[in-house]
Amino acid sequence: MSNKGLDSLFVHYGIRKDDMATIEQICEKYEIDPEWVKEYLLKAYHEKKIKNEDLDEKSLKRLLERALQKMK
C-alpha cells in the first residue's frame, strides 16, 4: 500500500522525494552540500513560486547569486 500523505520535501521546497534524490546525487558529484541547496536555493525558489513572483532567467540568476554569496 502506498503512503498517501504529503511528502515533507514537497511541502517545504515544492519538490518530490525522487527528484531530491537526483539533486543529492548531482550535489555529491560536484561536491556541493545538498542541505545548502535545500536551504538556500529550493526554499527561496519555492517561496517565489508560491507568491507567483517573476521567475524569468534574470530573477533566477539573482536568486542563485544571493545563495552563492551566503555560501561564502
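See the structure printed just above.
Here the residue numbering is sequential within each chain, running from 1 through the sequence in written order. Local features in this predicted model are restricted to residues whose pLDDT is 70 or higher, and side-chain atom pairs enter the listing and the counts only when it is 80 or higher, whereas totals over whole chains, interfaces and linings include all residues. No hydrogens and no water enter the side-chain calculation; it runs on all heavy atoms of the structure.

A. Here's a closer look at the pattern of salt bridges. Salt bridges are identified by distance alone: a Lys or Arg side-chain nitrogen within 4 Å of an Asp or Glu carboxyl oxygen. A complete count under the given rule lists 3 salt bridges for this structure. Between K43 and E39 there is a salt bridge, and its shortest N-O distance comes to 3.7 Å. One end of the pair, K43, and the other, E39, are both in helix α3 (residues 34-50), 4 residues apart, so they sit about a helical turn from each other. Exposure is judged per residue with a 1.4 Å probe applied to protein chains only, and the accessible area is read against the type maximum: over 50% gives exposed, under 20% gives buried, and values in between give partly exposed. Given a relative accessible area of 37%, E39 falls into the partly exposed group. Counting from the N terminus, the helices are the DSSP runs of H or I reaching at least four residues and the strands are the DSSP runs of E reaching at least two.

B. Just the environment of F10, in detail. Structurally, F10 is set in helix α1 (residues 8-13). Given the relative accessible area of 33%, F10 is considered partly exposed. Taking the C-alpha atoms as reference points, F10 and H46, separated by 36 residues in sequence, lie 9.4 Å from one another. Here, two residues are considered to be in contact whenever any of their heavy atoms come within 4.5 Å of each other. Other than its neighbours up to four places away in sequence, F10 contacts I15, R16 and H46.

C. Just the nonpolar core, in detail. Counting 9 residues, the largest nonpolar core consists of Y13, I15, M20, C27, W36, V37, L41, L42 and A67. Looking at this core, the elements with two or more residues in it are α2 (17-29) and α3. Excluding residues that lie within four positions of it along the chain, V37 makes contacts with I23, C27, I32 and L42. To define a nonpolar core, start from buried Ala, Val, Leu, Ile, Met, Phe, Trp, Tyr and Cys residues and group those joined through side-chain atoms within 4.5 Å.

D. A look at the packing of α2 against α3. Between α2 and α3, whose axes approach to 9 Å, the crossing angle comes to 120°. Relative to α3, the element α2 is oriented oblique. The element α2 and its partner α3 pack so that their crossing is right-handed. For the pair α2 and α3, the contacting residues are M20, I23, E24 and C27 in the first and P34, V37, K38 and L42 in the second. Three residue categories are used. Nonpolar comprises Ala, Val, Leu, Ile, Met, Phe, Trp, Tyr, Cys and Pro, charged comprises Asp, Glu, Lys and Arg, and polar comprises the others, including Gly. Taken together, the residues of the contact of α2 with α3 break down into 6 nonpolar, no polar and 2 charged. Lines are fitted to the C-alpha atoms to define the axes, a helix being fitted only along its stretch in contact, and any angle between axes, read from their N-to-C directions, falls within 0 to 180 degrees. In this scheme, roughly parallel covers angles under 35 degrees and roughly antiparallel covers those over 145, while 65 to 115 is roughly perpendicular and the rest are oblique. By definition, turning the near helix anticlockwise from the far helix through less than a right angle yields a left-handed crossing, and turning it clockwise yields a right-handed one.

E. Quick peek at the environment of A21. Here A21 lies in helix α2. Along the chain, A21 and P34 lie 13 residues apart, while their C-alpha atoms are 9.7 Å from each other.

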